[in-house]
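Residues per chain are reported as follows:
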Amino acid sequence: MCLGIPGRIEEILNLAPLERTARVSFGGITKDINIAYVPEAVVGDYVIVHVGFAISRVDEREAQRIFDYLAQLGELEELE
Amino acid sequence: MLKPITQPTAQPMNIDCPLPADTEDTIRLGHGSGGELSQNLFRDYIHPYIKNPWLDQLHDGARLPFTGARLAFTTDSFVVSPLFFPGGDIGELAVYGTVNDLAMSGARPMYLSCSLILEEGLPLKTLAKVMASMGRAAVQTGVQLVTGDTKVVERGKGDGLYINTAGVGVVEHEWEIAAATICPGDRILLSGDIGRHGMAVMASREGLAFDTPLQSDCAPLHEPVHDLLQAGIRVHCLRDLTRGGLATALVELARARGASFLLRESEVQICESVEGACELLGLDPFYVANEGRFVVFVAPEEEPAALEILRRHTVSAGSRTIGLVTEVGRPDVILTNFLGCERLLDLLPGEQLPRIC
Amino acid sequence: MKFLHEYRQRQDIERIARAIANMTTRPWTIMEVCGGQTHAIVKYGLQRFLPSAITLVHGPGCPVCVTPLEIIDQALAIASRPDVIFCSFGDMLRVPGSTQDLLAVKARGGDVRMVYSPLHALDIARQNPERKVVFFAVGFETTAPANAMAAFLAREQGLRNFSLLVSQFLVPPAIEAISGATDSRVNGYLAAGHVCAVTGFESYHVLADTFKVPIVVTGFEPLDILQGILMVVRQLERGEYQVQNQYARAVARTGNQRAQDMLRQVFEVTSQTWRGVGEIPASGLRLRAPFSSQDARQLFASEKSSPCDTSGCISGEIMQGRKKPNECPHFGQRCQPQHPLGAPMVSSEGPCAAYYRYRARGITGEAVDAQTNNPTNSSAHEY
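What comes next is a walk through the structure. (Residues numbered from 1 in each chain as written. Chains lettered and ligands numbered in written order. Predicted model: local features only at pLDDT ≥ 70, side-chain atom pairs only at ≥ 80, totals over all residues. Heavy atoms only, no water.)

## Overview of the overall build of chain A
Here comes step 1: Helix and strand counts for chain A come out as one helix and five strands.
Here comes step 2: Put simply, chain A runs from its N terminus to its C terminus through helices and strands in the order β-β-β-β-β-α.
Here comes step 3: Here the C-alpha atoms of chain A give a radius of gyration of 16 Å, more than 25% beyond the 12 Å that 2.2 N^0.38 yields for 80 residues.
Here comes step 4: Structurally, chain A occupies a C-alpha span of about 55 × 25 × 25 Å along its principal axes.
Here comes step 5: Residues counted as buried form 55% of the 80 residues belonging to chain A.
Here comes step 6: For chain A, long-range pairs separated by at least 24 residues make up 26% of all intrachain contacts whose partners lie at least 6 apart in sequence.
Here comes step 7: Approximately 3,500 Å² of chain A is accessible, and the part contributed by carbon and sulfur atoms is 48%.
Here comes step 8: Separation between the mean location of the 7 positive side-chain charges and that of the 14 negative ones in chain A comes to 9 Å. (Helix = DSSP H or I, 4+ residues; strand = E, 2+ residues; numbered from the N terminus. Rg over C-alpha atoms; globule rule 2.2 N^0.38 Å. Buried < 20%, exposed > 50% of the residue type's maximum accessible area, 1.4 Å probe, protein only. Contact = heavy atoms within 4.5 Å. Areas by Shrake-Rupley, 256 points an atom, 1.4 Å probe, with all protein chains shown as cover. Lys, Arg positive; Asp, Glu negative; His and termini not counted. Charge placed at Lys NZ, Arg CZ, Asp CG, Glu CD.)

Here it is in structure tokens:
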């Protein structure tokens, strides 16, 4: 139900509230995406995009957490 | 090795021929009727871009010299939309596509026919551009477009322009390059990265822009094939990737031979733009169309030499070994991914569709 | 690609898999709700990384699969009308109705157009003022804000020729129905990450408490799914049943408020029929009264019918995790992607399509020993 892909906001194109649009890059491609639901997002932020809409902003600090956890697991394994 | 066939010297094609002055006009039903309008269409919008003694003679059929070597013969139709896409157009595709089919039999492409089905209302300027493209592609690949036909269908009954090309080539070796020759242990080589053509075409339809514009990989493949054969590489099978992508081409070959292929996903190159576009639209790059890529099946001892030859050509500079033939007896194409997990590749029931889920 | 590739590294996946194996002492059955998660599990073969004590069952989170036959048939009837341009996501085009699918309607001359976004359907409506443009608004809570925006903009901009055929589903009632069934064997859930990005996960606490099932909001990459499973197993082993958030990089506890505001303006909760399952109260959305002129279900009420599903598809049991696709007698035989009996074999998120597509050797989705043709635990095939 949920093909949502993370993309980086490169430029904000339209400031009208419901049609607020940004050029968002996904790897090597860009597409214009409606960011009306994530108006606090700024250039450089990553957003999750589903059917042409940004539905959430990616929290980079949270994104790192799992790798910290993995590093801990790795240390535990070495102790065994 | 048989002697190559000599052919009469073709006149150099005039690619600087300017577009006819009357560029606002469009195709009318009368252009397909065989009368004066048809003659003028050929004279003004087709012949200027494709010059050779056969077309100059304006006969219905071309009589071609042939000295008893084996003949390769193929046909293909081209219905791509849009007609012009980043990195190519329908005219180039129509020439390269048939040239490539001939090359995949190990034949040297020589002569093409060209049938046009034009939709009433197609701008004549568009036709001229497409024909100029075909003429350039013919010169580039060394083939002659020696005969053709033009028909016109009513507005709404065609997508602007459809092209069919049939081609003949000469087979200058005595081998059988076909699925039947595939052997267990054969290495599977892929000439470059996948998915460019399909995504370049889809991008222009879906409003995707690329940081570095994504070009179709539309290209002729006969030169690296020719060099492989000239070097005495005993090529077992060749197949160019077209619609349906890498997966479809390999599944068809596996079924034709009744063989099992094992592929390593990490060896299949996909450029960042294609990957991003596929992720966004929910497409599998293994099923996305290509127009300038091919696979080669060779015995393991010939693998290094074959790769070295392929890599000398720009069009196959990215050649890698992506897998091998494990056995003959049951048709399977298995892809191992980075997790060591195996996945069976199959034909898609129809066109691959983007998904939201 | 950032925030994708990092979650697909083999050694990380193996490390989490070892942690799961170390903590598992008893058999557990875990359901992932979202079709996207099913797809990832099958595509990456994640079951192989889990101890045999852990069984994954697949949930009803595939809106294509659960859209009732009645709505599909209404869509087909609407799309067949010469005055209509029918716009749909790619996923819906091959779903069989009683007699045909949208692609067949297109082949017969219906103007059926695939769109990536509802905004594209709005554009089509603007460009074709003399035709009626109907958008097939299918989805769960993830897609609802996009569909709501399309309805809202159409009304605001006076696009009188645009309407939506709504088939919107809600996840929590489905979890309630599955856990509420007396024979439910699901011990814990991976909740749908992108659904919760919109809705938040506060409404899941009552489910966890009522049915004593841990619920972990989980993402879609292999590492996300394995970490989600780890968190569920840890709770199960400790006898806990809380709601946790594995996908914190994209999901906030309260979700996306602006999206929820729009949903409240445009939609209201209604009872909904789930294909193969039946009617679940308060499990769907319909357009509110002010949007009735955008409501294709009402505008084209004459195209409604009451079909019965005689296909033989057991999608209800599949979508509730009672049977796996390879346990269906028709799987791979009468029912294949090129001639599907039902939606789970058509939708690329559908569990049956995922099992079929990513099967290794044997048709069953389990690896088959090449010598004996007997199922075996698949092992990495190096060459």
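Let's pick the thread back up.
## Quick word on the nonpolar core
Here comes step 1: Within the largest apolar cluster, 178 residues are counted, with the highest numbers of intra-cluster contacts made by Met199 of chain B together with Phe86, Phe162, Tyr204 and Ile229 of chain C.
Here comes step 2: Filtering out sequence-adjacent residues up to four positions away, Phe162 of chain C remains in contact with Ala121, Leu122, Ala125, Val133, Phe135, Ala150, Ala154, Ser293 and Gln294 of chain C.
Here comes step 3: Formed by 38 residues, the second largest nonpolar core is a distinct cluster that contains Ile50, Leu122, Leu127 and Ala137 of chain B. (Core = buried A, V, L, I, M, F, W, Y, C linked by side-chain atoms within 4.5 Å.)

## A closer look at the sheet that holds strand E1 (residues 28-34) of chain C
All names here are of chain C.
Here comes step 1: Taken in spatial order, the five strands of this open sheet run E2-E1-E7-E8-E9, and their pairing is parallel. Since the sheet does not close on itself, it has two edges, and those belong to strand E2 (54-61) and strand E9 (243-245), each with one partner. Direction aside, the axes of adjacent strands within the sheet are offset by 25° on average.
Here comes step 2: As judged from the three bridges shared by E1 and strand E7 (residues 188-192), these two strands associate in the parallel manner. What sits directly across from Glu32, in E7, is Leu190.
Here comes step 3: Running at roughly 120° to E1, helix H2 (residues 35-43) makes contact with E1, E2, E7 and strand E8 (215-218) of the sheet. (Pairing = 2+ DSSP bridges. Axes fitted to C-alpha atoms, helices over the stretch in contact; angles between N-to-C directions.)

## Overview of the packing of aromatic side chains
Residue and element names in this part refer to chain C.
Here comes step 1: On inspection of all chains with the given rule, the structure shows 14 aromatic pairs over all chains.
Here comes step 2: Ring plane angle 40° and centroid distance 6.4 Å describe the contact between Phe152 and Phe291, whose orientation is recorded as tilted. Here Phe291 lies in the loop between strand E11 (278-287) and helix H13 (296-299) and Phe152 lies in helix H7 (residues 144-156), a separation of 139 residues in the sequence.
Here comes step 3: Note on Phe169 and Trp274: the rings are 4.9 Å apart at their centroids and 70° apart in plane angle, and the pair reads as edge-to-face. Separated by 105 residues along the polypeptide, Phe169 in strand E6 (residues 162-169) and Trp274 in strand E10 (residues 267-274) bring together distant segments of the chain. Taken as a pair, Phe169 and Trp274 share a single burial class, namely buried.
Here comes step 4: The ring of Phe49 is capped by Arg48, whose NZ or CZ atom sits 5.1 Å from the centre of that ring.
Here comes step 5: When the ring centre of Tyr7 is taken as reference, the NZ or CZ atom of Arg249 above it lies at 3.7 Å. (Phe/Tyr/Trp six-rings, centres within 6.5 Å; stacked < 30°, edge-to-face > 60°. Lys NZ or Arg CZ within 6 Å of the ring centre and 35° of its normal.)

## What to know about the state of the cysteines
Here comes step 1: All chains considered together, the criterion is met by one disulfide over all chains.
Here comes step 2: Disulfide partner of Cys62 of chain C: Cys65 of chain C, at an S-S distance of 2.4 Å. Residues Cys62 of chain C and Cys65 of chain C are joined through a disulfide that is right-handed, its torsion about the S-S bond being 65°. The residues Cys62 of chain C and Cys65 of chain C share a single accessibility class, namely buried.
Here comes step 3: Free cysteine: Cys183 of chain B, not disulfide-bonded; nearest cysteine sulfur from Cys237 of chain B at 11 Å. (Disulfide = S-S within 2.5 Å.)

## A word on the environment of Ser302 of chain C
Here comes step 1: In this fold, Ser302 of chain C is placed in the loop between H13 and helix H14 (315-319).
Here comes step 2: Note on Ser302 of chain C: relative accessible area 62%, which makes it exposed.

## Focus on the side chain of Asn147 of chain C
Residue and element names in this part refer to chain C.
Here comes step 1: Note that Asn147 resides in helix H7.
Here comes step 2: Its relative accessible area of 0% is what places Asn147 among the buried residues.
Here comes step 3: When near neighbours in sequence (up to four residues on either side) are disregarded, Asn147 contacts Phe89, Pro118, Phe135, Ala137, Val138, Leu164, Gln168 and Phe267.

Such coordinate-based values are descriptive only and should not be taken to indicate function.
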